[in-house]
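# Summary of the model geometry
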Amino acid sequence: MAKRHWLVKSEPDAYGWDDLVAEWEAGDNRDYPGQNPGMWDGVRNYAAASHMREMKNGDEVFFYHSQQGLEIVGIAEVAGEHYVDPTDKKAGERKTKFVCVDLKPVRSLANPVSLKQIKANPELAEMKLVRQGRLSVSPVTDAEWKEILKMAGE
DNA sequence: GCCAACGTTGGC
DNA sequence: GCCAACGTTGGC
């Protein structure tokens, strides 16, 4: 099964790339001690959740900073496939449960790729990040993945 | 099952 | 801080 690629976004004020790295260094979850480091919890959007259900261990994920920075700052990988989000208090009342995955930092980008650069690149005009800005977890095609790595000078 | 109202996200 | 886009909720 070929590796797939994804993009997740997070507000660095709430939980940024550095926080992800720190959690793995600490070997624990900052906000929910005892839970896995890098637990991607709190997604309450069905489209985003269904993407998380498709994520497989080893898939690579761009980590994007929204609100502040507005750029892809690093690459993470899926280190734990989807499970019911332990922070979803109403999971029992719903037929479709929200889920989370675990993300593990692989490396930060020496040259982050900004939303502005992405929008300026016609190759990336179809990206979900551009077309549907509010989606917090979205698929990235192989071509888009390569193009962005190229822009990052990797 | 439709659709208006409301809430949230996120770029600017 | 504003506003557009979109998702969710709830009345009918």
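Above: the structure in question.
Scoring rules and cut-offs
- Residues numbered from 1 in each chain as written.
- Chains lettered and ligands numbered in written order.
- Predicted model: local features only at pLDDT ≥ 70, side-chain atom pairs only at ≥ 80, totals over all residues.
- Heavy atoms only, no water.
- Helix = DSSP H or I, 4+ residues; strand = E, 2+ residues; numbered from the N terminus.
- Rg over C-alpha atoms; globule rule 2.2 N^0.38 Å.
- Contact = heavy atoms within 4.5 Å.
- Areas by Shrake-Rupley, 256 points an atom, 1.4 Å probe, with all protein chains shown as cover.
- Lys, Arg positive; Asp, Glu negative; His and termini not counted.
- Charge placed at Lys NZ, Arg CZ, Asp CG, Glu CD.
- Pairing = 2+ DSSP bridges.
- Axes fitted to C-alpha atoms, helices over the stretch in contact; angles between N-to-C directions.

The next point concerns the overall build of chain A. A tally of helices and strands in chain A yields 6 helices and 5 strands. Here the C-alpha atoms of chain A give a radius of gyration of 15 Å, agreeing with the 15 Å that 2.2 N^0.38 yields for 154 residues. At a minimum sequence separation of 6, the contacts of chain A that also span at least 24 residues come to 67%. Accessible surface, chain A as shown: approximately 8,100 Å² in total, 47% of it carbon and sulfur. Averaging the positions of the 21 positive and the 25 negative side-chain charges in chain A gives two centres separated by 7 Å.

Before going further, it helps to examine the sheet that holds strand 1 (residues 5-10). One key point about sheets: their strands pair by backbone hydrogen bonds, in either a parallel or an antiparallel sense. Spatially, the 5 strands line up as an open sheet ordered 4-3-2-1-5, and their pairing is mixed. The sheet is open, and its two edges are formed by strand 4 (99-114) and strand 5 (137-140), each paired on a single side. Across the sheet, the mean angle separating the axes of adjacent strands is 30° when strand polarity is ignored. One ladder, built from 6 bridges, connects strand 2 (residues 60-65) with strand 3 (residues 71-84); its direction is antiparallel. Along strand 3, the bridge assignment pairs Glu 60 with Glu 77.

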